[in-house]
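# Results of the structural survey
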Amino acid sequence: DDKICCICGVKLYGEGKLCERCKNNEYREIKLARSVFEYDDIMKNLIHSLKYDNKKYLAKPLSNILYNYFTYHNEINDVDIIIPVPLHKSRYKKRGYNQTELLLQSFKETHQVRTDIVERIKDTPTQTKLSLEERRKNLENAFSLVKPEDIKNKRILIVDDIFTTGATTLTLAKLLVKNKARSVKCLTLCHTSKKLDFEKE
């Protein structure tokens, strides 16, 4: 049974309950982060097909799985508003949809899923090969809050497809906390399990 960091959910390789980054308080704006799956070859193929091959039919079963996880884990489901990580409008236009928004279709009957609160104003290049610091720099001023009054004193859940270094969700969480959100948690379909010191590679 793999041990995970009790805050960000990354796989732990040593003793203790926190990863190095959470010990250093680097994710302080994120109260809790959890993922359903490890980002293995199967999940990589599924997410790639959903994102880039227009296989939108994959979203419904994945959304159901994500919703079931959310429903049964009380530490992650005590939220007021759910926000999918937004796509920049140019990428949305090219793809025709936001895959993370599709992953939330099962949530909409029971929870407040909001796509109108935050927008992505910077079309950031792909982050796949970037280190954590490069990712953070890449994401500076990437998001803008459209309706700050709607998040005041609210418990917010950010949802995304993959948690790699957490740079995207952390950037968004900082913006929400700065604008008086009561708390911010994060739920993703997948989490990369490799050690997050790959920026040294």
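The residue count restarts for each chain, going from 1 along the sequence in the order it is written. At least 70 in pLDDT is required for a residue's local features to be given in this predicted model, at least 80 for side-chain atom pairs to be given and counted, and no such filter applies to totals for whole chains, interfaces and linings, which use all residues. Think of the side-chain values as coming from all heavy atoms in the structure, minus any hydrogens and water.

### Things to note about helix H8 (residues 167–178)
- Put simply, DSSP marks the helices as runs of H or I at least four residues long and the strands as runs of E at least two long, and each gets a number from the N terminus on. In a helix, the anticipated span is given by 1.5 Å times the number of residues less one. Its twelve residues place the ends of H8 16 Å apart at the C-alpha level, agreeing with the 16 Å of an ideal helix rising 1.5 Å per residue.
- Only protein chains enter the calculation, and the probe is 1.4 Å; a residue is then buried if its accessible area is under 20% of its type maximum, exposed if over 50%, and partly exposed in between. All of the buried residues along H8 are Ala167, Thr168, Thr169, Leu170, Leu172, Ala173, Leu175 and Leu176.

### A look at the packing of aromatic side chains
- Aromatic rings from Phe, Tyr and Trp, taking only the six-membered ring of Trp, are treated as a pair when their centres fall within 6.5 Å; an angle between ring planes under 30 degrees marks them as stacked, one over 60 as edge-to-face, and anything in between as tilted. The tally for this structure, following the rule as stated, stands at four aromatic pairs.
- Each ring, one from phenylalanine 70 and one from phenylalanine 107, has its centre 5.1 Å from the other, and the planes form 55 degrees; the classification is tilted. In this pair, phenylalanine 70 sits in helix H3 (residues 59–72) while phenylalanine 107 sits in the loop between helix H6 (99–102) and strand E3 (118–120), placing the two residues 37 residues apart along the sequence. By the burial criterion, phenylalanine 70 is buried, and phenylalanine 107 matches it.
- Cluster of aromatic residues (ring-pair linked, three or more members): Tyr67, Phe70 and Phe107.

### Here we look at the sheet that holds strand E5 (residues 155–163)
- The sheet built from four strands is open, its strands ordered E1-E6-E5-E2 with parallel pairing. Bordering the open sheet on either side are strand E1 (32–38) and strand E2 (81–84), each of which pairs with just one other strand. If you compare each strand with its neighbour and ignore which way they point, the axes differ by 20 degrees on average.
- The pairing of E5 with strand E6 (residues 183–191) spans eight bridges and is classified as parallel. Its bridge partner being in E6, aspartate 160 is matched across the sheet by threonine 188. In short, DSSP must find at least two bridges between two strands for them to pair. Each axis is a line fitted through C-alpha atoms, and for a helix only the stretch in contact is used; angles between axes span 0 to 180 degrees, taken between their N-to-C directions.

### Some remarks on the environment of glutamate 38
- The residue glutamate 38 is located in strand E1 in this model.
- Between the alpha carbons of glutamate 38 and asparagine 141 there is a distance of 29 Å; along the sequence they are 103 residues apart.

### A word on the pattern of salt bridges
- Should a side-chain nitrogen of Lys or Arg be within 4 Å of a carboxyl oxygen of Asp or Glu, the pair is scored as a salt bridge. This structure, assessed with the given rule, holds eleven salt bridges.
- For aspartate 123, the salt bridge is made with arginine 91, and the minimal N-O distance between the two is 3.3 Å. Within this pair, whereas aspartate 123 is found in the loop between E3 and helix H7 (132–138), its partner arginine 91 is found in helix H5 (residues 89–95), the two being separated by 32 residues in sequence.
- Overall, the relative accessible area of 39% leaves aspartate 123 in the partly exposed class.
- With its nearest N and O atoms 2.5 Å apart, the salt bridge here joins arginine 114 to aspartate 150.

### Things to note about the side chain of arginine 114
- Tracing the sequence through the fold places arginine 114 in the loop between H6 and E3.
- Exposure remark for arginine 114: the relative accessible area of 13% places this residue in the buried category.
- Side-chain polar atoms of arginine 114 contact the side chain of aspartate 116, separated by 2.7 Å.
- Excluding residues that lie within four positions of it along the chain, arginine 114 makes contacts with Ile81, Ile82, Ile83, Pro84, Lys147 and Asp150. In protein, a polar contact requires one atom able to donate a hydrogen and another able to accept it; more generally it is a pair of N or O atoms within 3.5 Å, and residues adjacent in sequence count only if both atoms are side-chain atoms. Whether two residues are in contact is decided by their heavy atoms: any pair within 4.5 Å suffices.

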